[in-house]
Amino acid sequence: MSIEVIRPGLLSTVQDEGRMGFRRYGIHPGGVMDTFAAIAANALVGNSRDAAVLEMTMTGPELRFHENRLISLCGADLTATVDGLSVPLWRPVVLLAGSVLRFGRCRSGLRSYMAIAGGIVVPEIMGSRSTDLKTGFGGFKGRALKVGDRLSVGEASREAQAALHGLIVEAEKNNWRMHAPAWYLSSREWPAYHAEPVIRVMPGKDSAEFNEDSLERFHKERYVISPQSDRMGYRLEGAKLELVQPMDRLSEAVTYGTVQVPADGQPIILMADHQTIGGYPVIAQVARVDLPILAQAKPGERVTFERITYEEAQQLFLEQALEWRLTDQLIRRRLAEMGDHQ
């Protein structure tokens, strides 16, 4: 056991990319809310993209590292420090044995992801290590972290071991508890994280059932994210959306990013822990590339929706996938080179 939980934070859970292939049994995929930040964090420590990470919401934990570890923090800025020194985001960082990682106030975003070289080791259930808070299985004992919990870590990749060695040599030479290289993942590579984001959406299968005024308001006016929002769904407050005539329909399949409109006319965006079927009319579907942006939006913040076509959404996804593939290759090359320079 190498990482001890001194303070758990508001909501800190072990997550990966999710539990795929079980919707027909009523089991949602779950997994990380911001897939980009989690994948980036894993790449920066030489992990595979599906390695388990720690998802921290709004207020991070306090963790003691009993062994030298290579970590990375991506996503929200929760003012992480070691010995009073700021821990940089979006880059690999070595923490020497005995270091205590603390988080403070949330400067930007909502969810931060900590990857550890080797990944967090918890039992794999239905092909995933993600925590399902609703049913209480997966992750670390099916729940959020508590005081006294201890996390195990797997074996680091060769690139990570090279980087870890190089950073430790430099840290010990200068009597530092923490050290990071000068290079990092630039904000030019991130999704468009903003305080009042514009979220791109495709027409939903029931879009034509809403009156023209409602469709225009949905795509032009800003909606506030309600405090009654969580990993299951974001409730929005704003212009009321109305159908041309009442609908009576059976429940149908829904997914992450589906925008439903219940009887009160206030939209709900389904998030990572969404139910697998729903009966409310669907006005839109959030483009996959913008789901990480939405995941970092806080309650009380405003969002605006921009209509795009399915073809445009597919092209955006393909472009992002290609760009990330090249970025991932560069990151892993730099990790390997860090050991050669020492």
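So, a few notes on the structure that sits alongside this text. (Residues numbered from 1 in each chain as written. Predicted model: local features only at pLDDT ≥ 70, side-chain atom pairs only at ≥ 80, totals over all residues. Heavy atoms only, no water.)

**Comments concerning the nonpolar core**
Turning to step 1, where the next piece is worked out: If you look at the biggest cluster of nonpolar residues, it comprises 91 residues, and the most contacted ones within it are Leu101 and Met114.
Turning to step 2, where the next piece is worked out: By residue number, the principal contributor to this core is helix H1 (residues 35–44), which donates 8 residues.
Turning to step 3, where the next piece is worked out: Counting residues in each nonpolar core, the second largest holds 5 residues, with Met202, Ala287, Val289 and Ala313 among its members. (Core = buried A, V, L, I, M, F, W, Y, C linked by side-chain atoms within 4.5 Å. Buried < 20%, exposed > 50% of the residue type's maximum accessible area, 1.4 Å probe, protein only. Helix = DSSP H or I, 4+ residues; strand = E, 2+ residues; numbered from the N terminus.)

**A look at the packing of aromatic side chains**
Turning to step 1, where the next piece is worked out: On inspection of all chains with the given rule, the structure shows 8 aromatic pairs.
Turning to step 2, where the next piece is worked out: Aromatic side chains Phe218 and Phe305 sit 4.6 Å apart centroid to centroid with 10° between the ring planes, which places their arrangement in the stacked category. Here Phe218 is found in helix H3 (residues 212–220), whereas its partner Phe305 is found in strand S22 (residues 302–307), with 87 residues between them in sequence. No difference in accessibility class separates Phe218 from Phe305, as the two residues are buried.
Turning to step 3, where the next piece is worked out: Ring centres of Tyr223 and Phe305 lie 6.2 Å apart, and the angle between their planes is 55°; on these two criteria the pair is classed as tilted. (Phe/Tyr/Trp six-rings, centres within 6.5 Å; stacked < 30°, edge-to-face > 60°.)

**Some points on the pattern of salt bridges**
Turning to step 1, where the next piece is worked out: All told, the structure shown has 20 salt bridges when counted by the stated rule.
Turning to step 2, where the next piece is worked out: Among the salt bridges present, the one from Lys298 reaches Glu301, with a minimum N-O distance of 3.7 Å. The same class applies to Lys298 and to Glu301, which are both buried.
Turning to step 3, where the next piece is worked out: Across the pair Asp328 and Arg332 runs a salt bridge whose closest N-O atoms are separated by 3.1 Å. Here Arg332 and Asp328 lie together in helix H5 (residues 310–340), a separation of 4 residues that amounts to about one turn.
Turning to step 4, where the next piece is worked out: With relative accessibility at 18%, the residue Asp328 sits in the buried group.
Turning to step 5, where the next piece is worked out: Look at the salt bridges and you will find they share partners, linking Glu4, Arg64 and Arg150 into a network. (Salt bridge = Lys/Arg side-chain N within 4 Å of Asp/Glu carboxyl O.)

**A few points about empty space enclosed by the protein**
Turning to step 1, where the next piece is worked out: Tallied over the entire structure, the rule returns 1 cavity of 30 Å³ or more.
Turning to step 2, where the next piece is worked out: Approximately 30 Å³ is the volume found for the largest cavity.
Turning to step 3, where the next piece is worked out: Asp16, Glu17, Val32, Ala38, Ile39, Asn42, Arg49, Ala51 and Val53 together form the lining of the largest cavity.
Turning to step 4, where the next piece is worked out: At 3 residues, the largest contribution of residues to the lining of the largest cavity is made by H1.
Turning to step 5, where the next piece is worked out: Taken together, the residues that form the lining of the largest cavity break down as 5 nonpolar, 1 polar and 3 charged. (1 Å grid on protein atoms, 1.4 Å probe; cavity = no way out; pocket = protein on both sides within 12 Å on 5 of 7 lines; lining within 4 Å. Points joined across faces, edges and corners; volume = space filled by probe spheres on them. Nonpolar A, V, L, I, M, F, W, Y, C, P; charged D, E, K, R; others polar.)

**Some words on H1**
Turning to step 1, where the next piece is worked out: Judged by how many residues are buried, H1 sits mostly within the fold: 9 of 10 residues are covered.
Turning to step 2, where the next piece is worked out: With a side-chain oxygen lying 3.1 Å from the backbone nitrogen of Phe36, the N-terminal cap of H1 falls on Asp34.
Turning to step 3, where the next piece is worked out: Within two residues after H1, Gly46 carries a phi angle of roughly 75°, on the positive side. (Polar contact = N/O pair within 3.5 Å; in protein donor to acceptor, adjacent residues only side chain to side chain.)

**Describing the environment of Leu73**
Turning to step 1, where the next piece is worked out: Its place among the elements puts Leu73 in strand S5 (residues 69–77).
Turning to step 2, where the next piece is worked out: Residue class for Leu73 comes out buried when judged on its relative accessible area of 1%.
Turning to step 3, where the next piece is worked out: Leu73 sits 99 residues away from Glu172 along the chain, and the two C-alpha atoms are 22 Å apart.
Turning to step 4, where the next piece is worked out: Apart from residues lying up to four places away in sequence, Leu73 is in contact with Met56, Ala80, Val87, Leu89, Trp90, Arg91, Phe103, Tyr113 and Met114. (Contact = heavy atoms within 4.5 Å.)

**Side note on the side chain of Arg69**
Turning to step 1, where the next piece is worked out: One can find Arg69 in strand S5.
Turning to step 2, where the next piece is worked out: Residue Arg69 is classed as buried on the basis of its relative accessible area, which comes to 12%.
Turning to step 3, where the next piece is worked out: In terms of polar contacts, Arg69 uses its side chain to reach the side chain of Ser2, at 3.4 Å.
Turning to step 4, where the next piece is worked out: Not counting chain neighbours up to four residues away, the residues in contact with Arg69 comprise Ser2, Val93, Val94, Leu95, Ile116, Ala117, Val153, Gly154 and Leu164.

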